Amino acid sequence: MFERIFDKKTSVALGSFDGLHIGHRAVVMNAAGEADRGLVPVVLLFDEHPLSAIKNAPPEAITTKEELENEIKALNAVPVTVSFKSIMNMTPEEFIDTILVGMLNAGAVSCGFNFRFGRNSSGNPEILKKLCDDRNIKLIITDEVDYLGKPVSSTRIRKAIADGDMISTRNMLGHNFYYVFTVESGDRIGRTLGFPTINQFFPDNFAIPKFGVYASTAYVENNPYPAVTDIGIRPTLEHKKPRSETNIIGFSGDLYYKKIKIELLKFIRPEIKFSSLEELKNQIAKDSSTAEEIYEKARK
């Protein structure tokens, strides 16, 4: 079940990589630093969040699995996924010998200062160090990474997203909050108002930002464009399912059923129910102008 998948020695990053924030990145980069010794940098991922398996209550995802793996590869590491339920009841010793030594051929391990592992979270960095020392595995423990005097965590990032605080979100993630979803057919109201938009829907249990209008960046075939994004239910048109609706400034073309990356730069205003489509049109024009100014400042 856990056959060896690397012939060469590896340097394994351990953690619950729930959105690759700056604390996670420090752990991965410490693992990647061992490439200088000829070790293959690896990031161990789970097929589901631990809280999903333990309590059937997974937290909202900050990024999709596909994008998480892309970010890991961009850090020159190899993502490897195992079933969490298959390892959750292992003792710390069994985890080390079966997964790190047996499957991953680890020569080095990197983890955070508060890393826990093994049955009932019985393992900690101190126990991990002894087990690694006994097996001649180098252990690198990453210190706490803070933002505004408190440890960076996925929980703090989810709250910042829910509050529409894209500045704090960016500072803790190390990049703008973004999503890459398929463009779906909408009601084409934006087109009739002179501001054509792309509609994207959030998957279940994804961290949806505070409803409202955001300055954003849209990427079409890797080319960035200034954009204005409305997230919510569009009260003027009485939709019920939350969506991301983006007007890409300066772009004209058919993007239906393509995957488009949207980065949220800054919250502009909350959702408003307008008395008429003409009033909505005028507000969209104002929002687009504001969004373009924010985009230009962010690009400098």
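Check the entry above for the structure.
Residues numbered from 1 in each chain as written. Predicted model: local features only at pLDDT ≥ 70, side-chain atom pairs only at ≥ 80, totals over all residues. Heavy atoms only, no water.

Draft legend 1. Spotlight on unusual backbone geometry. The backbone of Asn-120 sits at a positive phi, close to 55°, despite the residue not being glycine. Asn-120 sits in the exposed class, given a relative accessible area of 74%. The backbone of Leu-148 shows a phi angle near 55°, a positive value even though the residue is not glycine. With respect to the secondary-structure elements, Leu-148 resides in the loop between strand E6 (146-147) and strand E7 (150-151). Relative accessible area serves as the criterion here: at 66%, Leu-148 is assigned to the exposed category. (Buried < 20%, exposed > 50% of the residue type's maximum accessible area, 1.4 Å probe, protein only. Helix = DSSP H or I, 4+ residues; strand = E, 2+ residues; numbered from the N terminus.)

Draft legend 2. Examining helix H5 (residues 92-103) more closely. Inspection of H5 places Pro-92, Phe-95, Ile-96, Ile-99, Leu-100 and Met-103 among the buried residues, and these make up the whole buried set. The buried residues of H5 occupy an angular sector of 150° when projected down its axis, which confines them to one face. For H5, the secondary structure elements touched by its buried residues are strand E1 (10-13), strand E2 (40-46), strand E3 (78-82), helix H4 (84-87), strand E4 (106-112) and helix H6 (125-134). In the segment just after H5, Asn-105 is the residue with positive phi, at about 55°. (Arc of directions from axis to C-beta. Contact = heavy atoms within 4.5 Å.)

Draft legend 3. Here's a closer look at the sheet that holds E4. The strand order E3-E2-E1-E4-E5 describes an open sheet built from 5 strands, whose pairing is parallel. At either margin of the open sheet sits one strand with a lone partner, and together these are E3 and strand E5 (138-142). Ignoring which end each strand starts from, the neighbouring axes of this sheet average 25° apart. Inspection of the sheet shows E2 paired to E3 by 5 bridges, in the parallel sense. Paired with Val-43 across the bridge in E3 is Pro-79. (Pairing = 2+ DSSP bridges. Axes fitted to C-alpha atoms, helices over the stretch in contact; angles between N-to-C directions.)

Draft legend 4. View of the pairing of E2. For E2, a buried count of 6 out of 7 residues is recorded, marking the element as mostly surrounded by other parts of the structure. The sheet contact formed by E1 and E2 spans 4 bridges and is parallel. Residue Ser-11 lies in a different strand from E2, and its bridge partner there is Pro-41. On the question of chirality, the crossover connecting E1 to the parallel E2 by way of helix H1 (residues 22-32) is right-handed. (Right-handed = clockwise from strand over helix to strand, strands pointing away.)

Draft legend 5. Structural detail: the pattern of salt bridges. Scanning the entire structure with this criterion turns up 13 salt bridges. With a shortest N-O distance of 4.0 Å, Glu-48 and Lys-85 are connected by a salt bridge. Here the residue Glu-48 occupies a position in the loop between E2 and helix H2 (50-55), and Lys-85 occupies one in helix H4, the gap between them amounting to 37 residues. Between Glu-263 and Lys-261 there is a salt bridge, with the nearest N and O atoms lying 3.8 Å from each other. Its relative accessible area of 11% is what places Glu-263 among the buried residues. Among the ionic contacts, a cluster of salt bridges with common partners joins Glu-34, Arg-37 and Lys-138. (Salt bridge = Lys/Arg side-chain N within 4 Å of Asp/Glu carboxyl O.)

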